[in-house]
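Descriptive analysis of the structure
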Amino acid sequence: MDIQSYLEKVADLVENSHPWNEDGLKKYISKFDGSYITLEGMEDDVKFLADLEITDELTHGVGFSPLHKKWFGWSHRACYGFTVGSKCEKGDCHYTPANIEDASLNELSFWDDEYNEWTTSKIIDANTIEISWKYNNEVPNEKLRGTTNSRLSTFGNFGRGEWVAETMEDAKQMAIDFSEGVS
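The following refers to the structure shown. (Residues numbered from 1 in each chain as written. Predicted model: local features only at pLDDT ≥ 70, side-chain atom pairs only at ≥ 80, totals over all residues. Heavy atoms only, no water.)

**So, the pairing of strand S9 (residues 116–125)**
Pairing geometry for S9 and strand S10 (residues 128–135), over eight bridges, is antiparallel. Looking across to S10, one finds that Ile123 is bridged to Ile129. Linking S9 to S10, which pair antiparallel, is a turn of two residues. (Pairing = 2+ DSSP bridges. Helix = DSSP H or I, 4+ residues; strand = E, 2+ residues; numbered from the N terminus.)

The structure is reproduced here in structure tokens:
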């Protein structure tokens, strides 16, 4: 589907009142829910959506393609489609920990790398984890060598952990989780 036909089908071109809009560019918003799609003059940025024909229930980062019979999630980094039978495993962009213990292990896995002498994960409360690490002598930034650092991760909601989409609603949830995870 060409980009202009695609945008005519899924979006409305409206005034853009953001203060940074000094050029007076209009924006395309979803006909489904009014969410942002792209700016006037940047239509080529949504070519991948037109190519996949993601035309149903299009929101900012999630939509359905009748052509492929898949729910897609995307951001500026990646786009991926989900259907019945799609899997979600640890390490996937759409993986959402099932509980605080699962989140602690997931965070530990994410932050532990070849530039750390050690990495630890500590559960602070039912929604908060502290990750700490010590940089080794291989880290390229010499000023970091031998220093320690930490960060807090707070979780408002937990997900399903590892799971398989059994319905198209499940596939939609995977697309939503992917969009959030890859953003």
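**Remarks on helix H3 (residues 100–111)**
For H3, spanning twelve residues, the distance from its first C-alpha to its last is 16 Å, which sits close to the expected 16 Å at 1.5 Å a residue. By the burial criterion, the buried members of H3 are Ile100, Asp102, Ala103, Ser104 and Glu107. Looking at the buried residues of H3, the elements they touch are S9, S10 and strand S11 (148–154). Two or three places before Glu101, at the opening of H3, Asn99 has a side-chain oxygen 3.2 Å from that residue's backbone nitrogen. (Expected span 1.5 Å × (residues − 1). Buried < 20%, exposed > 50% of the residue type's maximum accessible area, 1.4 Å probe, protein only. Contact = heavy atoms within 4.5 Å. Polar contact = N/O pair within 3.5 Å; in protein donor to acceptor, adjacent residues only side chain to side chain.)

**Description of the nonpolar core**
Counting 14 residues, the largest nonpolar core has Tyr6, Leu7, Ile37, Ile54 and Leu58 as the members making the most contacts within it. Elements with a contribution of two residues or more to this core: helix H1 (3–10), helix H2 (47–52) and strand S6 (70–74). The element best represented in this core is H1, accounting for four residues. The residues contacting Ile37, other than those within four sequence positions of it, are Leu7, Ala11, Tyr28, Ile29, Ser30, Val46 and Leu58. Trp71, Tyr95, Ala175 and Val182 belong to the second largest nonpolar core, which has 13 residues in total. (Core = buried A, V, L, I, M, F, W, Y, C linked by side-chain atoms within 4.5 Å.)

**Points about the packing of aromatic side chains**
Remark: the centre distance and the inter-plane angle together describe each pair of aromatic rings, the angle taken between the planes. On inspection of all chains with the given rule, the structure shows nine aromatic pairs. Both rings, one in Phe155 and one in Phe158, keep their centres 5.8 Å apart while their planes meet at 20°; by these two values the pair is stacked. You can call Phe155 buried: its relative accessible area is 14%. Taken together, the ring pairs in this structure connect Phe110, Trp111, Trp133 and Tyr135 into an aromatic cluster. We note Arg160 situated over the ring of Trp163; from NZ or CZ to the ring centre the distance is 3.9 Å. (Phe/Tyr/Trp six-rings, centres within 6.5 Å; stacked < 30°, edge-to-face > 60°. Lys NZ or Arg CZ within 6 Å of the ring centre and 35° of its normal.)

**Some remarks on the sheet that holds strand S1 (residues 11–14)**
Strands in a sheet are paired, the pairing made by backbone hydrogen bonds, and the direction either parallel or antiparallel. In spatial order, the strands read S1-S2-S3; together these three strands make up an open sheet with antiparallel pairing. Edge strands, defined here as strands with exactly one partner in the open sheet, are S1 and strand S3 (36–39). Ignoring which end each strand starts from, the neighbouring axes of this sheet average 25° apart. With three bridges joining them, strand S2 (residues 27–30) and S3 adopt antiparallel strand pairing. Counterpart to Tyr28 in the pairing with S3 is Thr38. (Axes fitted to C-alpha atoms, helices over the stretch in contact; angles between N-to-C directions.)

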